[in-house]
Amino acid sequence: MSNSDPLEHFVAPYDDSVSFDELPDAPPTTGYRPSIMGWIGITVAVFWLAVALIGPFIAPYGENALPFPDAYSEFQSPRSGAWLGTDVEDRDVLSRIMFGAGRTIGISLSATLLAYLTGVVLGIGAAVSGPRVDMAMSRINDAFLSLPTIMLGLVVVAAVGSSIPVLIVTAGLIYASVVFRLSRAIGMEIMVMDFVEAAKVRGEGRWWIITREIWPNARMPLITDFGLRLIYVILFISSLSFLGLGVQPPKADWGSMVRDNLGALQYGGSIISVVAPALAIASLTVGINLIVDDVSAHGGGKLSKRM
Amino acid sequence: MTSLILKRIGIGMITALAVSIIIFFGTKILPGDAAQIRLGQEATEANMAAMRERMGLDKSYVMQYVTWLGNFLSGNLGISLASDVPITDLIADRYQNTVYVSVLTSIVAVPVSLALGILAAMFPGSYYDRILTLVSVTLVAAPEFFTATLLVLLFVFALDLGNAVVVGSPDGKGLFSMYAHFALPIATLSFVIASQLIRMSRAAVLNVMSSPYIEMAILKGVPRRRIILRHALLNAIGPIVNVVALNLAYLVTGVVVVEVYFGYPGLATLIVQGVQTRDFVLVQGLGMIFCLTYVILMLAADVASFASNPRLRHPK
């Protein structure tokens, strides 16, 4: 692994599989000070996290409430009381964004956590098991990696229908294959280090090697990558919802809000109903990207050189 | 060299086989059965049994898979459950839009973004480089429909050019009016793949720039422009071709969102409809077409990268 060709990372598939260039370097465990860009990212992410947690309690109207039954008309422009206007069914856009925040972020976070739980356990497991187990697991994994994620998502939704648990498990398992590859690569790299060799010679068991030798060294690159993976999961879930195959109406989530209100762009009406949820997703993912980039750059990471 | 390429193609075929297994059995996770979808809830048991036999659903899953794969390879994609029309007819009506948009996008986006990326690598750290980096970092993390919305706001609402929906058929139009017809979808996809292409081509050139032979050229006083164009670029061609193939493969997924956003019929909208109506046969057939395109482009990327790099051909 360590003497791999520098160009090898270009062999990796497009966005969500791991290229060696993309392996975030281990940032220092102490003394991380965000740069201005990092602070911007942290502010945006914390803001949306807060909205996700308390949004439903402070939203001016209910998720599916019709705040202006007397003036019923779709796509009303912003006005006092409905600061972002109303949507295709005359619901308050601001309230729906606040309700949708928890759903979009909650589903994506759970799916990413599931992906990490599965991927890291199997990946490090493959790294410490013999070449045969590793070979079998890697080949099966490669088959999943060779499919475009959105197509896998479509196939699963076609088979079992769409619901929030299905979305979490589907996204979690799809992205587990990427995490598997990453943690296996990191695990392999550490397995050939002298200190692991020394531990083996000392007669330490497999469990000791995983928890005391591999995990402390694999932890930071994996945590940095978690942010990157979270971005892809948010984009995946939002795209499925945008296609009408993710979170089902009348529940609000940012991707489906864009879809529901597309009519405003096409036939006229308050375009804020489309712009606001699209901007919400973009600001969240770009914000997380700024943090990941900053953390990685702080460790003299390859990510910053690449950017 | 030839044997290596053959070996890669062999691996590609195994991958394609694995993909077909995933797609076929993926749609069979639930016992929900195609005969029932075809006939509806009120069908009698006898009708259902007859339909199952006609559709081959009474056979074992393995037999069904083999039959399905054989039919797929001979160009028979089966009959749509939702509309009772052969899938190939449905595709014939719609594949043009998808192909036009993908091809037209790559014709514009690939050369422009490569030029921008290489230019950025020639002046690393300059204002041009930093601005380009900032824009591409932003766009690469944003969803396609955000980029599409920005473009609609700019062109349709601010400049009052065109429409936020693609209407009508592009048939019989020349190249130029075809670009006008699909202007917004093409622009969206171009921005999306450009953000990736610019970063990766820049990285590919900079990567070569850090190698000792370039340092040698700098030390002997070769002008910077010449170093990039004559020394670095030749060695960066392999990775760049690889990056291009990867991004073309990405169009396969990008086109799904763009077709739905701009509301014109294509293969991607067809498969989304298939999922909504739970038309397994349609999803299987189209899913295979999309995934095979993806696998083939990935394979091309793979072959390009080691064809251009002797060190990958002779691993230590």
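Scoring rules and cut-offs
Residues numbered from 1 in each chain as written. Chains lettered and ligands numbered in written order. Predicted model: local features only at pLDDT ≥ 70, side-chain atom pairs only at ≥ 80, totals over all residues. Heavy atoms only, no water. Helix = DSSP H or I, 4+ residues; strand = E, 2+ residues; numbered from the N terminus. Buried < 20%, exposed > 50% of the residue type's maximum accessible area, 1.4 Å probe, protein only. Contact = heavy atoms within 4.5 Å. Areas by Shrake-Rupley, 256 points an atom, 1.4 Å probe, with all protein chains shown as cover. Lys, Arg positive; Asp, Glu negative; His and termini not counted. Charge placed at Lys NZ, Arg CZ, Asp CG, Glu CD. Salt bridge = Lys/Arg side-chain N within 4 Å of Asp/Glu carboxyl O. Buried area = accessible area lost by both parts, 1.4 Å probe. Polar contact = N/O pair within 3.5 Å; in protein donor to acceptor, adjacent residues only side chain to side chain. Nonpolar A, V, L, I, M, F, W, Y, C, P; charged D, E, K, R; others polar. UniProt positions renumbered as here; feature names shortened; annotations may be inferred. Axes fitted to C-alpha atoms, helices over the stretch in contact; angles between N-to-C directions. Parallel < 35°, antiparallel > 145°, perpendicular 65-115°, else oblique. Domains from an automatic or database assignment. Patch = residues over 30% accessible without salt bridge, like charges linked within 9 Å, V, L, I, M, F, W, Y side chains within 5 Å. Phe/Tyr/Trp six-rings, centres within 6.5 Å; stacked < 30°, edge-to-face > 60°. Lys NZ or Arg CZ within 6 Å of the ring centre and 35° of its normal. Expected span 1.5 Å × (residues − 1). Bend = angle between axes of the 7 residues up to and from the residue. Left-handed = near helix turned anticlockwise from the far one by under 90°.

Undergrad: Please give an account of the overall build of chain B that cites residues and values.
TA: On a plain count of helices and strands, chain B comes out with 14 helices and 0 strands. The principal-axis extent of the C-alpha atoms belonging to chain B is close to 85 × 60 × 35 Å. Scored against the burial criterion, the 316 residues of chain B give a buried share of 51%. Contacts in chain B between residues far apart in sequence, at least 24 positions, make up 72% of those at least 6 positions apart. A total of about 14900 Å² of accessible surface is found on chain B, and carbon and sulfur atoms cover 67% of it. Here chain B contributes 21 positive and 16 negative side-chain charges, whose respective centroids are spaced 21 Å apart.

Undergrad: Provide a residue-level description of unusual backbone geometry, including the pertinent values.
TA: Note the cis peptide between A:P249 and A:P250, where omega equals 5°. Inspection of the secondary structure puts A:P250 in the loop between α7 (206-242) and α8 (254-260).

Undergrad: How would you explain the side chain of B:T149 if you had to name every residue and give the values?
TA: Locating B:T149 in the fold gives a position in helix α7 (residues 144-158). Once you skip the residues sitting within four places of it in the chain, B:T149 turns out to touch A:V274, A:V275, A:A278 and B:Y261.

Undergrad: Any chance you could break down the pattern of salt bridges for me, citing the residues and the numbers?
TA: Residues and elements named next belong to chain A. One pass over the full model with this rule turns up 5 salt bridges over all chains. R202 serves as the salt-bridge partner of E213, at 3.6 Å between the closest nitrogen and oxygen. One end of the pair, E213, is in helix α7; the other, R202, is in helix α6 (residues 194-202), and 11 residues separate them in sequence. Owing to a relative accessible area of 11%, E213 belongs among the buried residues under this scheme. Ionic contacts of the salt-bridge type, sharing partners, join the residues R202, E204 and E213 into one network.

Undergrad: Please give an account of the interface of chain B and chain A that cites residues and values.
TA: Contact residues are listed per partner, giving 65 residues for chain B and 55 residues for chain A. Of the roughly 5300 Å² buried at the junction of chain B and chain A (both faces included), carbon and sulfur atoms supply 75%. Along the contact surface separating chain B from chain A lie 2 residue pairs in polar contact (both at pLDDT 80 or more). Counting residues per element, the side of chain B that touches chain A draws most heavily on helix α11 (residues 224-262) of chain B, at 12 residues. Residues that form the side of chain B that touches chain A fall into these classes: 43 nonpolar, 15 polar and 7 charged.

Undergrad: Explain the environment of B:L139 to me, and be specific about the residues and the numbers.
TA: By the element assignment, B:L139 lies in helix α6 (residues 127-141). Judged by relative accessible area, B:L139 falls into the buried class, the value being 14%.

Undergrad: Break down the UniProt feature "transmembrane region" (unreviewed entry) in chain B for me, citing the residues and quoting the values.
TA: Residue and element names in this part refer to chain B. If you check UniProt for "transmembrane region" (unreviewed entry), the listed places come out as residues 6-26, 61-79, 99-119, 131-158, 178-198, 233-262 and 282-307 in our numbering. From the first C-alpha to the last, residues 6-26 spans 29 Å; its make-up is 100% helix and 0% strand. Spanning residues 233-262, this segment combines 100% helix with 0% strand, and its end C-alpha atoms are found 38 Å apart.

Undergrad: Give me the UniProt feature "transmembrane region" (unreviewed entry) in chain A: which residues, what numbers.
TA: When the UniProt feature table is mapped onto this chain numbering, "transmembrane region" (unreviewed entry) sits at residues 36-59, 105-128, 140-160, 226-247 and 267-292 of chain A. In residues 36-59 of chain A, helix accounts for 96% and strand for 0%; the two terminal C-alpha atoms are 31 Å from one another.

Undergrad: Run through the packing of α6(A) against α7(A), naming residues and quoting values.
TA: All names here are of chain A. Two elements in contact, α6 and α7, have axes separated by 11 Å at closest approach and are oriented at 170°. In terms of orientation, α6 lies roughly antiparallel with respect to α7. Contact with α6, carried on its side by F195, V196, A199, K200 and R202, involves W208, I209, E213 and N217 of α7 and no other residues of that element. Taken together, the residues of the contact of α6 with α7 break down into 5 nonpolar, 1 polar and 3 charged.

Undergrad: Go over the domain arrangement of chain B with me, naming the residues and quoting the values.
TA: Residue and element names in this part refer to chain B. Parsing chain B into structural domains produces domain 1 (1-87 + 278-316) and domain 2 (95-265). Contact residues are listed per partner, giving 11 residues for domain 1 and 9 residues for domain 2. Where domain 1 touches domain 2, the interface holds 0 salt bridges. The tally of links from domain 1 across to domain 2 stands at 0 residue pairs in polar contact (both at pLDDT 80 or more). Taken together, the residues of the side of domain 1 that touches domain 2 break down into 7 nonpolar, 3 polar and 1 charged.

Undergrad: Let's hear about a nonpolar patch on the surface: which residues, and what values?
TA: All names here are of chain B. The grouping of Y95, V99, V103, I107, V108 and V112 at the surface amounts to a nonpolar patch, some 480 Å² of accessible area in total. With respect to the element layout, V108 can be found in helix α5 (residues 87-122). On the accessibility criterion, V108 (34% relative accessible area) is partly exposed.

Undergrad: So what about the environment of A:I281? Which residues, and what values?
TA: Along the chain, A:I281 turns up in helix α10 (residues 272-298). A residue is classified by how much of its surface remains accessible, and A:I281, at 0% relative accessible area, is buried. Sequence separation between A:I281 and A:L235 is 46 residues; the distance between their C-alpha atoms is 8.0 Å. In this structure, A:I281 is in contact with A:I234, A:S238, A:W254, A:G255, B:P143 and B:F145, ignoring residues within four places of it in sequence.

Undergrad: Go over the packing of aromatic side chains, please, and point to the residues and values.
TA: All names here are of chain B. Enumeration according to the criterion identifies 14 aromatic pairs over all chains in this entry. Seen from their ring centres, F24 and F25 are 5.1 Å apart, and the 80° between their planes marks the pair as edge-to-face. The partly exposed category is assigned to F25, whose relative accessible area is 31%. Ring pairs connect the aromatic residues F24, F25, Y65, W68 and F72, which therefore count as one cluster. Note that R130 overlies the ring of Y127, its terminal NZ or CZ placed 5.7 Å from the centroid.

Undergrad: Tell me about the environment of A:S256, and name the residues and values.
TA: Residues and elements named next belong to chain A. Counting through the fold element by element, S256 comes out in helix α8. We classify S256 as buried; its relative accessible area is 6%. Residues S256 and S239, spaced 17 residues apart in sequence, show a C-alpha to C-alpha distance of 8.5 Å. Excluding anything up to four places from it in sequence, S256 contacts S241, F242, V247 and K251.

Undergrad: Quick one: what's the story with α11(B), residue by residue and with numbers?
TA: All names here are of chain B. For α11, with 39 residues, the first-to-last C-alpha span of 45 Å runs short of the 57 Å given by 1.5 Å per residue. The largest bend in α11 comes to about 55°, at L233. Just downstream of α11 lies G263, where phi reads positive at about 60°.

Undergrad: Summarise the packing of α5(B) against helix α13 (residues 280-307) of chain B; cite the residues concerned and give the values.
TA: Residues and elements named next belong to chain B. At a minimum axis distance of 10 Å, the contact between α5 and α13 shows a crossing angle of 55°. As judged from the angle between their axes, α5 and α13 are oblique. For the element pair α5 and α13, the recorded crossing hand is right-handed. Mapping the contact onto sequence places I87, L90 and I91 in α5 and V281, L282, L286 and I289 in α13. Broken down by class, the residue content of the contact of α5 with α13 amounts to 7 nonpolar, no polar and no charged.

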